[in-house]
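Here is what each chain is made of, one letter per residue.
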Protein chains: 2
Amino acid sequence: MASLAQSPTRPPYSMVKITQGNTRVAQNIYDNDQFFANYSSLPRSRDGLAAAPEWPALQAFLPPVPGARVLDLGCGFGWFARWAIEAGAANVLGIDISANMLARALELTESDAITYRQGDLESLAMDEPPFDLVYSSLAFHYIEDFGKLARGMAEWLRPGGRLVFSVEHPIFTAPSTQEFIEGPDGRPAWPLNRYLDEGPRVTAWLAPGVVKYHRTIGTYVRDLVAAGLVVRDIVEWAPSPEAITEHPEWGENRERPPFLLVAADRP
Amino acid sequence: MASLAQSPTRPPYSMVKITQGNTRVAQNIYDNDQFFANYSSLPRSRDGLAAAPEWPALQAFLPPVPGARVLDLGCGFGWFARWAIEAGAANVLGIDISANMLARALELTESDAITYRQGDLESLAMDEPPFDLVYSSLAFHYIEDFGKLARGMAEWLRPGGRLVFSVEHPIFTAPSTQEFIEGPDGRPAWPLNRYLDEGPRVTAWLAPGVVKYHRTIGTYVRDLVAAGLVVRDIVEWAPSPEAITEHPEWGENRERPPFLLVAADRP
């Protein structure tokens, strides 16, 4: 049976604090009932990795998993944690800010090689031995200070260890309106703007008022390099033309990538 | 007096061959009279680095220049070559495909530590000793096979040497129409599409029928890493807010970056 651990050195739960104008609001959107209900009904929430079309590309970034000690940041329902154990990982520590997410993850998990811990990626402390793999799927765009997190991850990895993560692509997070329009020549176009204007974006994804942090690919790379990590690969991911034949509703994603996938090593 | 050398192992001049549909056309647009006349009147052609607003960001990527052996790929009028010699470089080899460009570069150059050579970056051979710095400004988006060029550059650099280059940003090169429009909320928007569709783009920049090659940031990074280089920095460059106060006509460039700047090292 998987266990729900408390962080040894931090309060068990802290809210992500963000600043919008002059008001300070707390964001743990996954513990908002409306959001969580909507999130829980997404295909990737119900069916896990098999319903995440970018998973094969992210999987291709992974180092050998058998025997690996794995840290999963923003583990959600634990789909990756369970996959990693099935693929032979020695153990997985999954961190998530949401009690809702972790409760469901615990229900779904039988392996006692998986530990879930409630924690805030903005201020995470870790006193475990170093990990072979730090993994994160679609969580870091909720993080304001990626540089700080990158320094943390570089420290939590063993020398030779690998970081693999996905985020919403900066082209996706940047603009003031996030819907395709008809371009001047009739082709669908993504009305990109605000790309250089890094910072919070308030969107209505599954619930109103969801805050994501837009930063450029350049900033992701610079923060990783400054933390002492070596970038090994970047994929600006969209469904393949073959996948779109099967799922025509994904077609517009080849006009602009929805996700950014990154692999980096600690030398 | 600078010299115009011929490549020792290749014909002195070969046209860039590109394929458009079923016709094969040759591109050395800088030896097209209309294009060259327009190009020559650009501020950065007349006034060199001082008129290139991204130059300070690119300069920040340079290793120590004094004593360095420098290779400048797509050297154009030789502005960087002359700057490097003034900054103390031991010598500079400037390569360009255009006889027009090199003739003008020779006129402007007095130092005999600069050698210009006509050559095609798609098929460049080099038998010089390795360089400390390979530099290129806004040339590689004319190159179809960046992977091959990256392998060449990794070979031409000494261990510990650095590659610094700028290209038109993929967000700039991708779309089917390259003009800002009014977005759904009234803010200027860049109608991005075709981002995942890598390959030639025929534009009307200074002359009709100019062909540039769109590739993603991911592809640039992957090709560099595959060539054995280590990415040190990526800047998705746009003028600073301060620069825009001085040049309001640049304002829209903060909505989407015009240039991508990359620094990579040979370990």
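One can find the structure itself at the top, above this paragraph.
Below, the structure is looked at part by part.

Quick notes on the rules
- Residues numbered from 1 in each chain as written.
- Chains lettered and ligands numbered in written order.
- Predicted model: local features only at pLDDT ≥ 70, side-chain atom pairs only at ≥ 80, totals over all residues.
- Heavy atoms only, no water.
- Helix = DSSP H or I, 4+ residues; strand = E, 2+ residues; numbered from the N terminus.
- Buried < 20%, exposed > 50% of the residue type's maximum accessible area, 1.4 Å probe, protein only.
- Contact = heavy atoms within 4.5 Å.
- Areas by Shrake-Rupley, 256 points an atom, 1.4 Å probe, with all protein chains shown as cover.
- Axes fitted to C-alpha atoms, helices over the stretch in contact; angles between N-to-C directions.
- Parallel < 35°, antiparallel > 145°, perpendicular 65-115°, else oblique.
- Left-handed = near helix turned anticlockwise from the far one by under 90°.
- Buried area = accessible area lost by both parts, 1.4 Å probe.
- Salt bridge = Lys/Arg side-chain N within 4 Å of Asp/Glu carboxyl O.
- Least-squares fit on C-alpha atoms with pLDDT ≥ 70 in both.
- Right-handed = clockwise from strand over helix to strand, strands pointing away.
- Core = buried A, V, L, I, M, F, W, Y, C linked by side-chain atoms within 4.5 Å.
- Pairing = 2+ DSSP bridges.
- Polar contact = N/O pair within 3.5 Å; in protein donor to acceptor, adjacent residues only side chain to side chain.
- Phe/Tyr/Trp six-rings, centres within 6.5 Å; stacked < 30°, edge-to-face > 60°.

1. Description of the overall build of chain A
Here's step 1: Helix and strand content of chain A: 9 helices and 14 strands.
Here's step 2: Burial statistics for chain A: of 267 residues in total, 56% are counted as buried.
Here's step 3: Taking as baseline every contact in chain A between residues at least 6 positions apart, the subset at least 24 positions apart corresponds to 65%.
Here's step 4: For chain A, the exposed surface amounts to about 10700 Å²; the carbon and sulfur share of it is 52%.

2. Observations regarding the side chain of S166(B)
Here's step 1: Following the sequence through the fold, S166(B) ends up in strand 8 (residues 157–168).
Here's step 2: In contact with S166(B), not counting residues within four places along its chain, are L58(B), S136(B), S137(B), L138(B), A139(B), L260(B) and L261(B).

3. Here we look at the packing of helix 6 (residues 146–156) of chain B against helix 8 (residues 217–226) of chain B
To describe two helices that pack against each other, one gives the angle between their axes and the distance between the axes.
Residues and elements named next belong to chain B.
Here's step 1: Their axes nearest at 8 Å, the elements helix 6 and helix 8 cross at an angle of 40°. In terms of axis orientation, helix 6 runs oblique to helix 8. Crossing hand, helix 6 versus helix 8: right-handed. Contact residues: F146, G147 and A150 in helix 6; Y220, D223 and L224 in helix 8.

4. Remarks on the environment of P241(B)
Here's step 1: Note that P241(B) resides in helix 9 (residues 241–246).
Here's step 2: For the pair P241(B) and G251(B), spaced 10 residues apart in sequence, the C-alpha to C-alpha distance is 8.1 Å.

5. A closer look at the interface of chain A and chain B
Here's step 1: Each side of the interface is counted separately: chain A has 35 residues, and chain B has 35 residues.
Here's step 2: In total, about 3000 Å² of surface goes out of reach between chain A and chain B, with carbon and sulfur atoms giving 59% of it.
Here's step 3: Together, L192(A), L196(A) and E236(A) form the three largest contributors to the area buried by chain A at its contact with chain B, with a combined 20%.
Here's step 4: At the boundary of chain A with chain B, the tally comes to 2 salt bridges.
Here's step 5: For D233(A), the salt bridge is made with R222(B), and the minimal N-O distance between the two is 2.9 Å.

6. Section: the relation of the copies chain A and chain B
Here's step 1: Rotating chain A by 180° about the axis while translating it 0.0 Å along that axis superimposes it on chain B, leaving an RMSD of 0.0 Å. In short, the pair behaves as if placed about a two-fold rotation axis. Every residue of chain A has its C-alpha some distance from the rotation axis, and the shortest such distance is that of P191(A), at 2.4 Å.
Here's step 2: Taken together, the interface assignments show that 100% of the residues at the interface of chain A recur at the interface of chain B, consistent with an identical surface on both copies.

7. Considerations on the pairing of strand 6 (residues 114–118) of chain A
Here's step 1: Counting buried positions over the 5 residues of strand 6 of chain A gives 4, a clear majority of the element.
Here's step 2: In this fold, strand 5 (residues 91–96) of chain A hands off to helix 5 (residues 99–108) of chain A, which returns the chain to strand 6 of chain A; that crossover is right-handed.

8. Side note on the nonpolar core
Here's step 1: One finds L73(A), F140(A), L224(A), L73(B), F140(B) and L224(B) to be the most contacted residues of the largest nonpolar core, which totals 86 residues.
Here's step 2: Aside from chain neighbours lying at most four places away, what touches F140(A) is L73(A), L121(A), F146(A), L149(A), M153(A), F165(A), V167(A), R215(A) and Y220(A).

9. Focus on helix 6 of chain B
In an α-helix, one full turn covers 3.6 residues, which means residues spaced three or four apart are oriented alike.
Residues and elements named next belong to chain B.
Here's step 1: Of all 11 residues that make up helix 6, 8 are buried, and the element is covered over most of its length.
Here's step 2: Every buried residue belonging to helix 6 is among F146, G147, L149, A150, G152, M153, A154 and W156, and all of these are buried.
Here's step 3: Buried-residue contacts for helix 6 involve strand 4 (69–73), strand 7 (131–137), strand 8 and helix 8.

10. Some details on the sheet that holds strand 10 (residues 188–192) of chain A
Here's step 1: Overall, antiparallel pairing links the 4 strands, which are arranged 9(A)-10(A)-10(B)-9(B) in an open sheet. Because the sheet does not close on itself, it has two edges, and the strands there are strand 9 (181–182) of chain A together with strand 9 (181–182) of chain B.
Here's step 2: The pairing of strand 10 of chain A with strand 10 (residues 188–192) of chain B spans 3 bridges and is classified as antiparallel. Following the sheet pairing, P191(A) is matched in strand 10 of chain B by P191(B).

11. Some details on helix 8 of chain B
Here's step 1: Helix 8 of chain B sits mainly inside the fold: 7 of its 10 residues count as buried.
Here's step 2: One or two positions beyond helix 8 of chain B, positive phi appears at G228(B), with a value near 95°.

12. Overview of the side chain of R162(A)
All names here are of chain A.
Here's step 1: Inspection of the secondary structure assignment puts R162 in strand 8 (residues 157–168).
Here's step 2: By relative accessible area, which is 17% here, R162 ends up buried.
Here's step 3: A polar side-chain atom of R162 sits 2.7 Å from a polar atom in the side chain of D265.
Here's step 4: Apart from residues lying up to four places away in sequence, R162 is in contact with F61, P63, D132, L133, V134, L157, R232, A263, A264 and D265.

13. Some words on the packing of aromatic side chains
Two measures describe an aromatic ring pair: the distance that separates the ring centres and the angle between the ring planes.
Residues and elements named next belong to chain A.
Here's step 1: If you walk through the whole model with that rule in mind, you get 30 aromatic pairs over all chains.
Here's step 2: Ring geometry for F35 versus Y39: centroids 6.3 Å apart, planes at 10°, classification stacked. Residue F35 and its partner Y39 are located together in helix 1 (residues 33–40), separated by 4 residues, close to a single helical turn.
Here's step 3: Among the residues examined, Y39 registers a relative accessible area of 14% and is labelled buried.
Here's step 4: Ring centres 5.0 Å apart and planes at 75° place the aromatic pair W55 and W83 in the edge-to-face group. Of this pair, W55 sits in helix 3 (residues 55–59) while W83 is found in helix 4 (residues 79–86), placing the two residues 28 residues apart along the sequence.
Here's step 5: For W83, a relative accessible area of 21% corresponds to the partly exposed category.
Here's step 6: Here the aromatic residues F35, F36, Y39 and F77 are joined through ring pairs into a cluster of three or more.

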